Amino acid sequence: MSFGDEESLDSRKFVAPAKGATVDTAMKEVHALARGETQGVRLWKVVVLFLMTATAAVVSTGTYYILKAEDDDDYTESYDLFSKSMETAIEDHANSIFLAMQSCSNIITSDAIARGAEFPFHTVENFEVIGEATRKQSGLEIFGYVPFVDATQTLAWMQYSWAHQNWVDKSRQIATAAAEGNVVNKDYLEGNISSVIYDFGGPNLTARMVPPTAEPFTPLWQISPPPFDPRTVNFNFVSYDFLNVAVNVMRQTRRGHFTRILESGEIGRLARTGVSSSDHDTYHEQFVDWDKSKGDAFLNPHGSYVEPVFNETHNRQSEIVGYLVAFVPWDAYIANLLPDGAEGVVVVVENSCNQSITYEVRGKRAVFLGRSDLHDPQYDSTELVVSFDVGGLLQSDAVDGECIHSFHIYSSSTFEDSYRSNVPEVLTAVVAGAFFFLIASFFVYDWFVNRRNKKVTSLAARSSEIVSSLFPRQVRERFMAEREAKKTKKVNNNKMFRGSIDHRLQQFLSEDEPVHHERDDFMYKSKPIADLYPETTIFFADIAGFTAWSSTREPTQVFTLLETLYSAFDEIANRRHIFKVETIGDCYVAVTGVPDPMNDHAVVMCRFAYECLRKMRPLTKKLESVLGPDTADLGLRVGLHSGAVTAGVLRGERSRFQLFGDTMNTASRMESTGEKGRIHVSQDTADVLRAMGKGHWLKQREGQVFAKGKGEMTTYWVKPVSSKPTGSDWHTDQSSCMSSVLGDESTDNGLDDNLKESGPTKQQPSEAAIARMVQWNVENVFQLLTEIDLTRNSTPSCEWADEEIQGQINPPFVLSDNHEYVKAELELFISTIASFYRDNPFHNFSHASHVAMNTEKLLSSISLYTSTSSLDAFDAPHNAGHVLNASPLSKLACVMAALIYSVEHTGAPNTALATDDITSMKQLTQTLSFQRSWSLLQEDRFRMLRAAIFGGSEEDEDKFREELFLCVIATDTTDNESNKSRQQRWEEAFLGTQSTEEALQDLHERKARVLMEYIAQASSAGHAMQHWEVYVKWNSCLFDEVYQAYRGGRLTGNPADTFFEEQLEFFDYIVTPLVDRLSKTGSFHKFTMESYHNYTRENRREWEEQGKMIVFNMTETARAEKGNGEEDR
């Protein structure tokens, strides 16, 4: 056995109902043998595997970390190099701004002194030449000169500026001639400058004088590049808050400094008239990438620098007569800090005014990330701080309102990843792969050698599961002891598994070859295993009503019921240590006292039976919403008998542990003569219970019970109770037994339960039962809606490719997107339909659900048949089934018709409803039912439900309405003219021939329509094609309904006089021809049609023999319910 065999066995789960503990024990024995024999070999395999794995892990890990360390070194060295170069570039740029602005300030002062001009009345000739040089040297975007003008100079200044505005044209000419690199306006706005000093409200709105209290005024005078709009000139800069603060700081410190970072849009309000938006965006696109959908480049972060202009050159203590203001684009400033190909360094600009902006540098470009510190905290250790100390200014030297800037440089995952390679992983994988190949090669030979052992072990485990589920532990151990003594000397290492318990038991069971004997021709070699168990109690339980119930269900539904119930019983049996013997059909057999003797075997079995009864009712109620109507009516009939049994292994084909003896027969008779929902026990079991002090559990059954082969017997009803009832309690207890046992709200007497089983249930179902039927119908209809949705939305996507068409056509309804809403509306719709039904004995919601179940069964038979039949030969008769099965909408029409066909039925046939005004109207009840239901569906509260059915298609809605009406009308089997017309359509569709392909297609569609009619008719009359008990049940309900109509004066003629003959005619002229035509369509599974034929023949024969007596009994019952002494009219 190879390494890992134990794991392969442990991972396999073996389950055997009612004998789980036995199976587990046997499995443990198999595994114990396997572990004992392979322990030494497995130990050495583990050692070798560990050594090779450890070597592979050490070598692979070492390779990985060595190569990864090289990548880490490259990354660290590169980041240090780039960050230091960025630090140098930032410091150089700061100094260039400081020197350029000081130089320009001295030029303006020198020019005024040389020309003998007095400030503020001074204009620098060729200002654009100076400005362009300054901007190129320092990387400034906009540069301007602003003089101080006090109140006494205001009028003179306005006259002066108006007279000297020709500098604007000269600057434009210089800028146009030297256009290279910087922002250049291509289409300047023509006009004059503002004639007055104005604040931020003008000139685009209304230019107005600055109030005299705002002096000194600082009108913008000369700008580089020249203004896009000349009205920018004479804008009073100090009217803007941040520049007012900056000028005050400048006058206080007498030095140049940077202002705070401008907020989004501030630079735009200042500069849009100086520079056009398009040229400004073009300028910034050289350096930075940003989201243009949020605005133009004016929204990008900018800073401003203010430098004082003195009355004297090189004397910073002289009078300040004006200042230079420059706007710094931070993105242009941050770009070009890295060489091409280097990406991912993050720069955060911070200042002492609590502002910060973040950029990511990508070679010669920058990406603006946002107005806050957005660097990755995991790279805090890589931070490099560069002080932006213009002119050597420290933060400690700053005055109130002054913002000192600094640059914080960080690495990022992008930068780090650019220095990471997959070489460590690749080489590590190569090394690990080599070791893995070596390990695999080492075990290949071992795998081939031990494969046979694995198969043998697996076979032993599987055999253990089967054998352990069939035989008690004591029987297996006894046999093993006998066999072990004979084979001890023959066991060797090559046959270690052949010595396992389960294999030897299997060998024993297979020793069925007869041998010649001196006295017998044929006999087994070994002695059989069999014992007498003198004290046992046998349990027989049968599902009352199962045969009739199963006749209306599909095979899968039958097994769902049995598996659910018997699994629940198995669980109870395991818990109470009951030995399950077998299940025969719907009969469950169990025993106590075998194989483990029990003194209280009868007590334990009674409690087991009682608990099974209690479990039965809630399970059938739950199953009714899955398996359909009448499931909750099923009950359990239990019989117990105590005595001796012979138990042992009966060898041969499918050997198993079995019980024999008269005790088994008597227990079976107790079950067959018992009643639904009650525990029926023999005199022997009653004696054992009395001996155990449980006599108060017993109630003697009235009269003697005749049991086949036993004669008359005294028997008892048993109900385990916690205390002894009083004298009159057993009557109450007897009548309420099943209420407490089954948890039902009713208090039906046990004998009444028996009558309910053998005859129809005339009491209307409870609200809970109606709710379960509604839920069952909801699930069935919703399944069809799901099929409709899948069919509708499987349209090829190319049909929706045209955008123009998409805009004109609503997209298809998708059920999965509206699942909860559609299901809620569907439940409301079916609940409303159920409320429309009146309390009729026959035409009620229970019968409608029964008809719907019949329809589902026929449609399922079509689905089963078409899925296994050939699709060749399109003209084959069964293609009608293919056409119907391929149309979920048509199947939904069939099912919905079954639910609504008798809505608000008055309990009187169509002939009794005719009046003088509508005597010619056929199928009056069905027509009114359809109209009422269709009107309900059209209400606004079912909008989503209609969308799920029709998908917004008027064509589908018309088709569904037509087919629904067709199926509803077809449920009336009493209209001879409609029946003849329907028969004619069937003959034309199924007996006619067509030649052309188009005509053939039309033929199959007509076949499908006719098939729908016959499905609807067969479903409404389906009780006649099912088990005799089902037929008698619904036939009795139908009789009660017409008899009530007769007693109420709505029907002429006593139905008791004609009901027997009418039912024979119903079989001969309606049901039998209907089944024949359904069979001839070739659309249904053979088994379904055979069962319909058989049930129809048997029911007619039974009715012919018993019908008159049944009609007499039904008549007497109806009269008794109406009232004693009241005679028929």
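As a reminder, the structure under discussion sits directly above these lines.
No experiment lies behind these values; they were computed from the predicted model shown. (Residues numbered from 1 in each chain as written. Predicted model: local features only at pLDDT ≥ 70, side-chain atom pairs only at ≥ 80, totals over all residues. Heavy atoms only, no water.)

As for the packing of aromatic side chains
Phase 1 of the analysis: Within the structure shown, the criterion is met by 43 aromatic pairs.
Phase 2 of the analysis: A centroid spacing of 5.7 Å and a plane angle of 90° characterise the contact between F569 and Y588, whose relative ring orientation is edge-to-face. Here F569, found in helix 15 (residues 555-576), pairs with Y588, found in strand 14 (residues 587-592); they are 19 residues apart in sequence, far enough to count as distant.
Phase 3 of the analysis: The structure contains a cluster of three or more aromatic residues connected by ring pairs, namely W1028, Y1031, F1039, Y1043, Y1046, F1059, F1060, F1066, F1067 and W1103.
Phase 4 of the analysis: Above the face of the F782 ring, K823 is positioned so that its terminal group lies 5.1 Å from the ring centre. (Phe/Tyr/Trp six-rings, centres within 6.5 Å; stacked < 30°, edge-to-face > 60°. Helix = DSSP H or I, 4+ residues; strand = E, 2+ residues; numbered from the N terminus. Lys NZ or Arg CZ within 6 Å of the ring centre and 35° of its normal.)

Quick look at the state of the cysteines
Phase 1 of the analysis: In total, this model carries one disulfide according to the counting rule given.
Phase 2 of the analysis: The residue that forms a disulfide with C353 is C403, at a sulfur-sulfur distance of 1.8 Å. On the sign convention where negative means left-handed, the S-S torsion of about -95° between C353 and C403 marks this disulfide as left-handed. With a gap of 50 residues between them, C353 in the loop between strand 7 (343-351) and strand 8 (356-362) and C403 in the loop between strand 10 (384-388) and strand 11 (405-410) connect regions that are remote in the sequence.
Phase 3 of the analysis: Using a relative accessible area of 29% as the deciding quantity, one classes C353 as partly exposed.
Phase 4 of the analysis: By relative accessible area, which is 5% here, C403 ends up buried.
Phase 5 of the analysis: Its sulfur unpaired, C967 is 4.0 Å from the next cysteine sulfur, which belongs to C894.
Phase 6 of the analysis: Accessibility expressed as a relative area gives 0% for C967, which makes it buried. (Disulfide = S-S within 2.5 Å. Buried < 20%, exposed > 50% of the residue type's maximum accessible area, 1.4 Å probe, protein only.)

Brief notes about the environment of V1111
Phase 1 of the analysis: For V1111, the position within the fold is in helix 36 (residues 1086-1122).
Phase 2 of the analysis: V1111 gets classed as buried once you look at its relative accessible area, which sits at 5%.
Phase 3 of the analysis: Sequence separation between V1111 and F1039 is 72 residues; the distance between their C-alpha atoms is 8.3 Å.
Phase 4 of the analysis: Ignoring anything within four residues of it in the chain, the contact list for V1111 reads F1039, A1056, F1059, F1060 and W1103. (Contact = heavy atoms within 4.5 Å.)

Concerning the nonpolar core
Phase 1 of the analysis: Ranked by internal contacts, the top residues of the largest apolar core, which has 103 residues, are L785, F960 and W1103.
Phase 2 of the analysis: Not counting the four nearest positions on each side in its chain, L785 is found in contact with L815, V822, L826, L892, L945, A948 and I949.
Phase 3 of the analysis: Grouped together as the second largest cluster of nonpolar side chains are 57 residues, V321, Y333, L384 and F415 included. (Core = buried A, V, L, I, M, F, W, Y, C linked by side-chain atoms within 4.5 Å.)

What to know about a nonpolar patch on the surface
Phase 1 of the analysis: Together, L43, W44, V47, F50 and L51 make up an exposed nonpolar region whose accessible area comes to about 590 Å².
Phase 2 of the analysis: Mapped onto the fold, W44 is located in helix 2 (residues 20-115). (Patch = residues over 30% accessible without salt bridge, like charges linked within 9 Å, V, L, I, M, F, W, Y side chains within 5 Å. Areas by Shrake-Rupley, 256 points an atom, 1.4 Å probe, with all protein chains shown as cover. Salt bridge = Lys/Arg side-chain N within 4 Å of Asp/Glu carboxyl O.)

Quick word on the environment of M670
Phase 1 of the analysis: By secondary structure assignment, the location of M670 is in helix 17 (residues 662-672).
Phase 2 of the analysis: Relative accessible area serves as the criterion here: at 0%, M670 is assigned to the buried category.

Observations regarding helix 16 (residues 601-627)
Phase 1 of the analysis: Its 27 residues place the ends of helix 16 36 Å apart at the C-alpha level, agreeing with the 39 Å of an ideal helix rising 1.5 Å per residue.
Phase 2 of the analysis: The largest bend in helix 16 is about 25°, located at K621.
Phase 3 of the analysis: In terms of residue burial, helix 16 counts as a mostly covered element, since 19 of its 27 residues are buried.
Phase 4 of the analysis: Positive backbone phi, at 100°, marks G628, one or two positions downstream of helix 16. (Expected span 1.5 Å × (residues − 1). Bend = angle between axes of the 7 residues up to and from the residue.)

With respect to the sheet that holds strand 5 (residues 302-310)
Phase 1 of the analysis: Taken in spatial order, the five strands make up an open sheet running 2-1-6-5-3, and their pairing is antiparallel. This sheet does not close on itself; its edge strands, each paired only once, are strand 2 (222-224) and strand 3 (257-258).
Phase 2 of the analysis: Bridge count between strand 3 and strand 5: two bridges; the pairing is antiparallel. Paired with F258 across the strands is Y305, a residue of strand 5. (Pairing = 2+ DSSP bridges.)

Focus on the pattern of salt bridges
Phase 1 of the analysis: With the rule as written, the count across this model stands at 38 salt bridges.
Phase 2 of the analysis: With a shortest N-O distance of 2.0 Å, E611 and R575 are connected by a salt bridge. Within this pair, whereas E611 is found in helix 16, its partner R575 is found in helix 15, the two being separated by 36 residues in sequence.
Phase 3 of the analysis: You can call R575 partly exposed: its relative accessible area is 45%.
Phase 4 of the analysis: By sharing partners, the salt bridges in this structure join D111, R115, E125 and K170 into a single network.

Details of the pairing of strand 14
Phase 1 of the analysis: Of all six residues that make up strand 14, six are buried, and the element is covered over most of its length.
Phase 2 of the analysis: Residue alternation in strand 14 divides its side chains into two sets, C587, V589 and V591 and Y588, A590 and T592, and both sets are buried.
Phase 3 of the analysis: Relative to strand 14, strand 12 (residues 530-544) runs antiparallel, the two sharing six bridges. In the strand pairing of strand 14, I538 is matched with V591.
Phase 4 of the analysis: In this sheet, strand 14 lies alongside strand 13 (residues 579-584) in antiparallel orientation, the contact comprising five bridges. Bridge pairing links T583 to Y588 in strand 14.
Phase 5 of the analysis: Between strand 13 and strand 14, which pair antiparallel in sequence order, lie two residues; one of them, G585, sits at a positive phi of approximately 65°.

A short note on the packing of helix 34 (residues 1028-1047) against helix 35 (residues 1055-1080)
Phase 1 of the analysis: At a minimum axis distance of 11 Å, the contact between helix 34 and helix 35 shows a crossing angle of 135°. With respect to their mutual orientation, helix 34 and helix 35 come out oblique. Every pair of crossing elements has a handedness; the one defined by helix 34 and helix 35 is right-handed. In this structure, helix 34 uses Y1031, N1035, L1038, F1039, V1042, Y1043 and Y1046 to contact helix 35, whose residues at the interface are P1055, A1056, F1059, Q1063 and F1067.
Phase 2 of the analysis: Of the residues in the contact of helix 34 with helix 35, the class split is ten nonpolar, two polar and no charged. (Axes fitted to C-alpha atoms, helices over the stretch in contact; angles between N-to-C directions. Parallel < 35°, antiparallel > 145°, perpendicular 65-115°, else oblique. Left-handed = near helix turned anticlockwise from the far one by under 90°. Nonpolar A, V, L, I, M, F, W, Y, C, P; charged D, E, K, R; others polar.)

Digging into helix 6 (residues 241-253)
Phase 1 of the analysis: Helix length check: helix 6, at 13 residues, gives a terminal C-alpha distance of 18 Å against a target of 18 Å (1.5 Å per residue), a fit within 8%.
Phase 2 of the analysis: Among the residues of helix 6, those classed as buried are F242, L243, A246, V247, V249, M250 and T253. Summarising the axial view, the buried residues of helix 6 lie within an arc of 160°, below the 170-degree limit, and thus occupy one face. Among the exposed residues of helix 6, those oriented more than 90 degrees off its buried face are D241 and Q252.
Phase 3 of the analysis: Among the residues trailing helix 6, R254 stands out with phi positive, at a value near 60°. (Arc of directions from axis to C-beta.)

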